[in-house]
Amino acid sequence: MTDFNALLDSLSKIARDAGSAILTVYERDDLGVETKDDKSPITEADKAAHDIIVAGLETLTPEIPVYSEESGDIDYATRKDWPRFWLVDPLDGTKEFIKRNGEFTVNIALIEGDTPVLGVVYVPVTGVLYLGGRGVGAFKEENGERAAIRCRERTTPVVMVASRSHGGEAVEKLEAFIREEVGEVERTSMGSSLKLCLVAEGKADLYPRLAPTSEWDTAAAHAVVSAAGGVVVNTAFQPLVYNKPDILNPHFLVLGQAVDSWRFIAPALE
């Protein structure tokens with residue numbers, strides 16, 4: 001059986017090393033921004049972090065394949081039979097990186113079957129690290145101290161976290177519906193996978209993502225949320241799954257409490 005505690009320690013070092021490379025670029029005047037085929041931006045920091053993470057994972061677990069956002073497309077016929085693999089976003093929140101607002105992360109997840117079972121999310125600008133896995137719990141490292149984190153019980157006001165760059169009318173509709181049904185809602189905006197981490201550490205109740213994302217955007221923080229007692233589901237309240245033919249996620253919800261306590265919002269998701 002894999003020692004997830006030992007893996008988390010190794011992943012933390014790899015993520016921090018990648019974060020250091022990202023900051024080297026971040027502190028320059030020229031971020032080396034290019035545009036990928038899908039029109040999304042990529043910087044020299046994305047590429048440097050990718051190289052560090054892939055090399056680190058191949059040394060750590062040479063038997064486990066690595067699928068990074070910057071790997072190029074890996075055909076589903078190749079990856080569909082992988083029993084486990086690393087799913088990596090070397091720099092999640094490239095738009096936030098370019099805006100220089102600090103809200104970007106390094107994401108590394110271990111997928112078993114179709115489920116994230118281990119993940120680390122590192123915030124290079126603050127040095128904060130979120131980590132967690134099946135059977136080991138969820139934690140936040142800050143200023144050299146590691147503390148357990150846990151999703152909270154829902155109270156009023158409901159705290160909803162939303163994307164800084166996406167959202168629109170669908171999120172507005174959901175917020176208005178919750179306010180009408182249960183009372184006051186506080187809404188905060190943030191970039192990258194930090195939104196899921198806010199739910200994991202008990203600072204938010206709900207993160208609705210009603211706009212496109214890819215599997216590598218969510219997998220690491222999904223593992224942390226699950227280890228912290230939360231759930232990540234699609235808008236039909238079924239578990240969000242990975243290693244699909246299409247790497248895009250459906251719209252989804254990150255819930256700090258049991259699914260049944262949130263089914264009342266279904267009409268607002270139609």
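Structure first, text after, so check above.
These numbers were taken from a predicted model, which means no experiment stands behind them.

Any chance you could break down unusual backbone geometry for me, citing the residues and the numbers?
Residue proline 157 follows threonine 156 across a cis peptide bond; omega there is 5°. As for its position among the elements, proline 157 is in the loop between β9 (145–148) and β10 (158–163). Here the phi dihedral of asparagine 243 falls at roughly 60°; this positive angle occurs in a residue that is not glycine. By secondary structure assignment, the location of asparagine 243 is in the loop between β13 (231–234) and β14 (252–255). According to the relative accessible area criterion, asparagine 243 is buried, its value standing at 9%.

Residues and numbers for the pairing of strand β12 (residues 206–209), please.
Residues Leu206 and Pro208 of β12 are buried on one face, and the alternating residues Tyr207 and Arg209, pointing to the opposite face, are buried as well. Of the strand pairs in this sheet, β12 and β14 are connected by four bridges, and their pairing is antiparallel. Paired with tyrosine 207 across the two strands is valine 254, which belongs to β14.

I'd like a description of the nonpolar core, backed by residues and values.
In terms of nonpolar packing, the biggest core is built from 39 residues, with Tyr67, Leu87, Tyr130 and Val254 touching the most fellow members. Going through the elements one at a time, β4 (84–92), β5 (105–112), β6 (115–123), β7 (128–133), β10, α6 (194–200), α7 (215–227) and β14 are the ones with two or more residues in this core. At seven residues, α7 tops the list of elements feeding residues into this core. For tyrosine 67, the residues in contact, after removing those within four places along its chain, are Gly72, Asp73, Ile74, Arg79, Trp82, Phe85, Trp86, Leu87, Val88, Trp216 and Ile247. If you look at the next biggest cluster of nonpolar residues, it comprises 34 residues, including Ile53, Leu57, Ile108 and Leu118.

Outline the pairing of β7, supporting the account with residue identities and numerical values.
Among the six residues in β7, six count as buried, and that is most of the element. What you see with β7 is no split at all: Val128, Tyr130 and Gly132 on one side and Leu129, Leu131 and Gly133 on the other are buried throughout. Relative to β7, β6 is paired through six bridges, and the arrangement is antiparallel. Bridge assignment links valine 123 to a residue of β7, and that residue is valine 128.

Rules used throughout
Residues numbered from 1 in each chain as written. Predicted model: local features only at pLDDT ≥ 70, side-chain atom pairs only at ≥ 80, totals over all residues. Heavy atoms only, no water. Helix = DSSP H or I, 4+ residues; strand = E, 2+ residues; numbered from the N terminus. Buried < 20%, exposed > 50% of the residue type's maximum accessible area, 1.4 Å probe, protein only. Pairing = 2+ DSSP bridges. Core = buried A, V, L, I, M, F, W, Y, C linked by side-chain atoms within 4.5 Å. Contact = heavy atoms within 4.5 Å.

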